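Coordinate inspection notes
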Protein chains: 4
Amino acid sequence: MKAGIIGASGYSGESLVKLLLAHPRVELAAVTSRSRAGRPLAEVIPSLRGRDRGLRFVDSDAAALAAGDIDLFFLALPHGAAAEYARVLLPAGKRVIDLSADFRIADPAAYERYYGPHPAPELLPHARFVLPELTPPAWKTDAAVRLVAAPGCYPTSILVPLVPLLRDGVVAREHIVVNSCSGVSGAGRKLDETYLYAERAESVKAYGLVKHRHLAEIEEQLALLGTGGEPVAIQFNPHFAPMRRGIATTITVPAKNPSIDALRAAWEKACAGRPFVQILPSGETPDTAHVAGTNRVDMSAVPDPRTGNFVITSALDNIMKGASGQAVQIMNLWLGFDETAGLV
Amino acid sequence: MKAGIIGASGYSGESLVKLLLAHPRVELAAVTSRSRAGRPLAEVIPSLRGRDRGLRFVDSDAAALAAGDIDLFFLALPHGAAAEYARVLLPAGKRVIDLSADFRIADPAAYERYYGPHPAPELLPHARFVLPELTPPAWKTDAAVRLVAAPGCYPTSILVPLVPLLRDGVVAREHIVVNSCSGVSGAGRKLDETYLYAERAESVKAYGLVKHRHLAEIEEQLALLGTGGEPVAIQFNPHFAPMRRGIATTITVPAKNPSIDALRAAWEKACAGRPFVQILPSGETPDTAHVAGTNRVDMSAVPDPRTGNFVITSALDNIMKGASGQAVQIMNLWLGFDETAGLV
Amino acid sequence: MKAGIIGASGYSGESLVKLLLAHPRVELAAVTSRSRAGRPLAEVIPSLRGRDRGLRFVDSDAAALAAGDIDLFFLALPHGAAAEYARVLLPAGKRVIDLSADFRIADPAAYERYYGPHPAPELLPHARFVLPELTPPAWKTDAAVRLVAAPGCYPTSILVPLVPLLRDGVVAREHIVVNSCSGVSGAGRKLDETYLYAERAESVKAYGLVKHRHLAEIEEQLALLGTGGEPVAIQFNPHFAPMRRGIATTITVPAKNPSIDALRAAWEKACAGRPFVQILPSGETPDTAHVAGTNRVDMSAVPDPRTGNFVITSALDNIMKGASGQAVQIMNLWLGFDETAGLV
Amino acid sequence: MKAGIIGASGYSGESLVKLLLAHPRVELAAVTSRSRAGRPLAEVIPSLRGRDRGLRFVDSDAAALAAGDIDLFFLALPHGAAAEYARVLLPAGKRVIDLSADFRIADPAAYERYYGPHPAPELLPHARFVLPELTPPAWKTDAAVRLVAAPGCYPTSILVPLVPLLRDGVVAREHIVVNSCSGVSGAGRKLDETYLYAERAESVKAYGLVKHRHLAEIEEQLALLGTGGEPVAIQFNPHFAPMRRGIATTITVPAKNPSIDALRAAWEKACAGRPFVQILPSGETPDTAHVAGTNRVDMSAVPDPRTGNFVITSALDNIMKGASGQAVQIMNLWLGFDETAGLV
């Protein structure tokens, strides 16, 4: 199997390069970049020094890539740009795993509310949002699926713990409050004063309140996977924290069944055999430092008899399980490899 | 006026030393420490080099201090230890400002639930919890008040924005969810693996869920100041974030009156003329880095028509407005100085 | 006395605004900015909320400023731009304290090697480099001096400990090796990938080796103040360290007189009565965290009988003693105020 | 092959557990800990959740381990304690790779100067210091070698770039000045105020000047490998920097042959085919962030015609190439595996 990466200038793209270079079942055959074509990978990504296998960036010509012998492409591009490539690669029979938001949202109206008009609605029938721990496995063999949209970082940290509890009626779907803290790499390599070291050090700060774009994806999936279609509106409060990587999410949700045993049963049913979810022992809380560099979601819960809520906490590495690692996990499942290949 | 500080080994105590050394109206006459008696201040607190005015730590003998000519003492001690000093200093006619939890909670039963039996219930009639922005000003001239309990860091970040909204009926008292991120100095100088640099860097982690001791103080004050005594039970989710100083608090609360104008009116009424509260312009959110080193609370709010909630954010410096700065502010008000003396 | 600040968009300019707003002897009468004219200070500099005294940025028209009633201007501008203002303000009789490099170097040829052709050589006779702890005090009353060039951050950390030792013959002038670590604010608010949080966290990295521009100023002053004009060529190795503020400098220099007593005597002679230099007790080393927010240089030394060297360490806050604080100290001395006014 | 780890409570021990669990040629058969015997690995080392293969800590009884079927032991213990295990394991025919200082220094007098009397001088004939990039390869098949002492973190960052230059006469052996910045994990999990987050954040600070214990090992190896036995005395200035991991080293050394080509030739000769050393292109400097998590040393050099020195910079991950990764690299070479097995 040959894989290619289109757009590897961001943190997720770089991480994807590393994962695929070390992957036992896939050959990384091309990494594209318009501005860097011809340069060795390690010259641009210094952490790859000595392990880039002599690869160089190639030009990002979609038609040429479509005509070549690469089987599967990862799109590590901004939204909008990803759809442009998908439009050329899908008709050529290529499989595509898209790390952007372009195909995460099934409902074009919801997409438009947060991102503007959908750039390629005609491809939506061939696209599928896949969160491996939650999406029913039929997608793996569904011939209609030619593009898989990998979930966003915040949504993964929220959906993995919350969907099983909604699905099994352990928690209510009203009054759900989600607070998340993200490492600064979540903003990518954006050249904006906001992301300078001297601005973000010693700083925790909420941003994107009541309008963060990930809301579209989170609420669509909560309804599709958790409530049988009943709409769910959550309060989602994202924050920047002074660290490079990691998302820590804390969910407060009213219990319908206040028993911690019921909660754990729902989680264990959902996570049985899943290699990348860890339910923590009672009394422990997830820590972004403990999942750094892994493809794992750690999660735990505590009931509060005073308020009738559960407080649920999760942690993941936004660049790994929140982006590149999850994309590789999706590839592993799609191509029939071991789910953990290249990920531990 | 002569002031003394009992216990200055922690971060708040050190900050208090600096504030009082530079205070225009008060002479710092004694800083006590059992183990460091005789050593120059700057030898123990290196940031004071060249500005400790030759002061040395003195022994912490309560009886001797009670017999001396110092008018007002700050207690920067662990809970329990503070009450021991109060028991000797109050009968000697000294004023006391206590930074510990010993006298923050008026209801001894509530105290006991979180801290164990109250160490000096007989002093409670002479003690008063004072959050300068909220506590009615009569305390300043109430002869019964001999000890003022300065609020905790988390409570300050929550009460300042929330009490005016409860009091004016802008928000409901159910389904209140509070998430806070604290800098690691919030744990003091505790020698525990948890607080090592290599453990906390790159780490955001919830802790103390459903049982943090500050709940006692927060909920008592919400009821006393905000709801006319009606009990309020909040979900309080504290986290450590990888920074030295600062608390960022995000409160989700259902709106009774969903108008942002009503919210701002309640805040402006409560904060009119208060030098240490800043209501941010619409669209901005507080940042711990912007309040570092100040005695300020920055706060803002945004309504969410989708959920019917307000999302309220605040930030303060846990060592300043959360401890030492607030204690000096209390002293300024109590002694009739300008509220901002020594604080800007 | 009225003071103005020209250019306050960088970290040093912001710090200068804060220092002058709180200064007991000077009225901050104008802060200029072409792009921000009309906006309140605190809107642009959020840490000033509630303490900007209602000041707004004004336009940076040099002629208008020259015609106004402000007595002294601080130039917090890039090199080159500073000279343009000096050229207008000096003929109008204004005093100028320049935080840029434009007038730090007396020898125009040396300036040109590092910065290109000097932008205003005709003003050099009216300009003087002043490091308050080292420059002989005659500058304060020299009528020819109309502009004072405040030293750079690295040079201050090097010159303060090293000049007295060269001057008194305690150390050699060959084989001097200086390593410095700077906080990222030293790069200003430059929008460059290099300074993004996700790039600088967990990163120590040398830069500017063998060609850093501060070499011109360091070596000129070492010769002028330390060796009676004999040239000194040092190895200067600057590094970025993952912190916001601070410079830690470590100097290795062969001892001519290996006695630590001789070294301390030279330091004590040079620093007697200087409020902003601290010689640390034997066995202690300076720490950037201990000088953060102060105008201090902490320094210490240890002899190595094995190598015949002294190892000298110093620390300062690059934004304070390395820029804005030092500029205020210079103003205090120039205008005859107490040297520490507004600085403790 | 079965391997065991004795003492895994520190950061290097934990890292070693991860490397061996994922190693393709070795079975991690035992991880010992007196105080944690019986507990699952992942309970103590949370980053291992889901990948500890069900292993539990076992008791650290040296005699029992000597009698068992494990072929090779890693000692991740404090100095002194390591020798106690070596004394039992070597006579039982076990191979030992020691991460402590106990057997790094061939000269017992040099050991004693820095550490006190040697704990097991009778084992020195069976021990060998091995820095894979520099130590002549005969050690791999020398039957007398039963214990390999893995180099320290600072020494590796210094010896790898410097030894080839001394050996080939490119640089002088006098006036060598080495400055290093280490991440705080270099101090291990020591419970000391010095290592608290709130103390080390925003702090760069020199420590251990003129007496750091690694000097013994650095200078012995510089003489043995670099100068044919001629003694070398360096100035070694270690610093703490506010990061978890990484060492950045900057070496100033007078050039004997000032040609950068001669320097690069010496490096290329020494590093030809070495998978874990990268010589950076001219103009680039190593960055601790770029080697984090790798077993690599990045290095570069720049000549200074003004001073006649070379400035040489290197970076490595103190926990990987500075400890656990290097230990695995040594094992790979000793047991005839591919040098990179389990390390990329």
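Residues numbered from 1 in each chain as written. Chains lettered and ligands numbered in written order. Predicted model: local features only at pLDDT ≥ 70, side-chain atom pairs only at ≥ 80, totals over all residues. Heavy atoms only, no water.

Another aspect to go through is the pattern of salt bridges. Counted according to the given criterion, the structure contains 80 salt bridges over all chains. We note a salt bridge from A:E122 to A:R87, for which the minimum N-O separation is 3.0 Å. Highlighted residues: A:E122 in the loop between α5 (108-115) and β6 (127-129) and A:R87 in helix α4 (residues 81-89), separated in sequence by 35 residues. On the basis of relative accessibility, which here comes to 32%, the residue A:R87 falls in the partly exposed class. With a shortest N-O distance of 3.4 Å, C:D287 and D:R200 are connected by a salt bridge. With C:D287 in the loop between β12 (277-279) and α10 (288-291) and D:R200 in helix α7 (residues 197-200), this residue pair bridges two chains. A relative accessible area of 3% places D:R200 in the buried class. (Salt bridge = Lys/Arg side-chain N within 4 Å of Asp/Glu carboxyl O. Helix = DSSP H or I, 4+ residues; strand = E, 2+ residues; numbered from the N terminus. Buried < 20%, exposed > 50% of the residue type's maximum accessible area, 1.4 Å probe, protein only.)

A common measure of how large an interface is: the accessible area buried when the components associate. On the side of chain B, 19 residues touch chain D, which itself brings 19 residues to the contact. When chain D packs against chain B, the two sides together hide about 1800 Å² of surface, and 65% of this comes from carbon and sulfur. Interface area lost by chain D to chain B is led by D:L196, D:Y197 and D:R244, which between them contribute 39%. Scanning the region where chain D abuts chain B turns up four salt bridges. With a shortest N-O distance of 3.1 Å, D:R189 and B:E199 are connected by a salt bridge. At the boundary of chain D and chain B, one finds 12 residue pairs in polar contact (both at pLDDT 80 or more). The dominant element in the side of chain D that touches chain B, judged by the number of residues it contributes, is α7(D), at four residues. Residues belonging to the side of chain D that touches chain B are distributed by class as follows: 10 nonpolar, one polar and eight charged. (Contact = heavy atoms within 4.5 Å. Buried area = accessible area lost by both parts, 1.4 Å probe. Polar contact = N/O pair within 3.5 Å; in protein donor to acceptor, adjacent residues only side chain to side chain. Nonpolar A, V, L, I, M, F, W, Y, C, P; charged D, E, K, R; others polar.)

Looking now at the relation of the copies chain D and chain B. Superposition record for chain D on chain B: RMSD 0.0 Å, screw rotation 180°, translation along axis 0.0 Å. Each copy turns onto its partner about a two-fold axis. In this assembly, 100% of the residues forming the interface of chain D have copies in chain B that are likewise at the interface, indicating an isologous arrangement. (Least-squares fit on C-alpha atoms with pLDDT ≥ 70 in both.)

Right, let's talk about the pairing of strand β14 (residues 309-316) of chain C for a bit. All names here are of chain C. The element β14 is extensively covered by neighbouring structure, given that eight of its eight residues are classed as buried. The side-chain alternation of β14 yields two buried faces, one formed by N309, V311, T313 and A315 and the other by F310, I312, S314 and L316. With eight bridges connecting them, strand β11 (residues 247-254) and β14 associate as antiparallel partners. Each bridged residue has a counterpart across the sheet, and for V253 the counterpart in β14 is F310. Adjacent in sequence and paired antiparallel, strand β13 (residues 297-304) and β14 are bridged by four residues, among which G308 carries a positive phi angle near 75°. (Pairing = 2+ DSSP bridges.)

Attention shifts here to the sheet that holds strand β8 (residues 205-206) of chain B. Pairing is mixed across the open sheet formed by seven strands, whose spatial order is β8-β9-β7-β10-β13-β12-β11 (chain B). The two strands at the open ends of the sheet, each matched to only one other strand, are β8 and β11 (277-279) of chain B.

Let's shift gears to the packing of aromatic side chains. How two aromatic rings sit relative to each other is given by the distance of their centres and the angle of their planes. For the coordinates displayed, the defined rule picks out 22 aromatic pairs over all chains. Ring geometry for D:W139 and D:W334: centres 6.3 Å apart, planes at 55°, overall tilted. A residue pair is termed long-range when its members are at least 10 positions apart, and D:W139 in the loop between β6 (127-129) and β7 (147-149) and D:W334 in helix α11 (residues 320-334) qualify at 195 residues. Here D:W139 matches D:W334 in class, with each residue buried. Put simply, the rings of A:Y195, A:Y207 and A:F240 touch in pairs and so form one group of aromatic residues. Lying across the ring of B:F57, B:R36 places its NZ or CZ 5.8 Å from the centre. (Phe/Tyr/Trp six-rings, centres within 6.5 Å; stacked < 30°, edge-to-face > 60°. Lys NZ or Arg CZ within 6 Å of the ring centre and 35° of its normal.)

The next subject is the interface of chain D and chain C. Of the residues lining the interface, 44 residues belong to chain D; the matching set on chain C comes to 43 residues. Summing the contributions of chain D and of chain C, the shared interface buries around 3500 Å²; its carbon and sulfur component is 52%. Among the residues of chain D in contact with chain C, D:E202, D:V204 and D:R306 are the three that bury the most area, contributing 19% of the side total. Inspection of the region where chain D meets chain C yields four salt bridges. Applying the counting rule to chain D against chain C returns 29 residue pairs in polar contact (both at pLDDT 80 or more). A breakdown of the residues in the side of chain D that touches chain C according to their chemical character gives 21 nonpolar, 13 polar and 10 charged.

It is worth spelling out the pairing of strand β13 (residues 297-304) of chain A at this point. All names here are of chain A. The buried fraction of β13 amounts to six of the eight residues, a majority that puts the element mostly inside the structure. In this structure, strand β12 (residues 277-279) lies alongside β13, joined through three bridges in parallel fashion. Of the residues in β13, the one forming a bridge with I279 is M299. With seven bridges connecting them, β13 and strand β14 (residues 309-316) associate as antiparallel partners. Bridge pairing in β14 links V302 to V311.

Right, let's talk about the domain arrangement of chain A for a bit. Residue and element names in this part refer to chain A. Domain parsing of chain A yields domain 1 (2-151 + 322-334) and domain 2 (153-317). Using C-alpha coordinates to define each centre, domain 1 is positioned 25 Å away from domain 2. Counting each side, the surface lost to burial between domain 1 and domain 2 is near 2300 Å², with a carbon and sulfur contribution of 54%. Across the contact surface, domain 1 and domain 2 share two salt bridges. Between E217 and R104 there is a salt bridge, and its shortest N-O distance comes to 3.5 Å. In this assembly, domain 1 and domain 2 are joined by 11 residue pairs in polar contact (both at pLDDT 80 or more). (Domains from an automatic or database assignment.)

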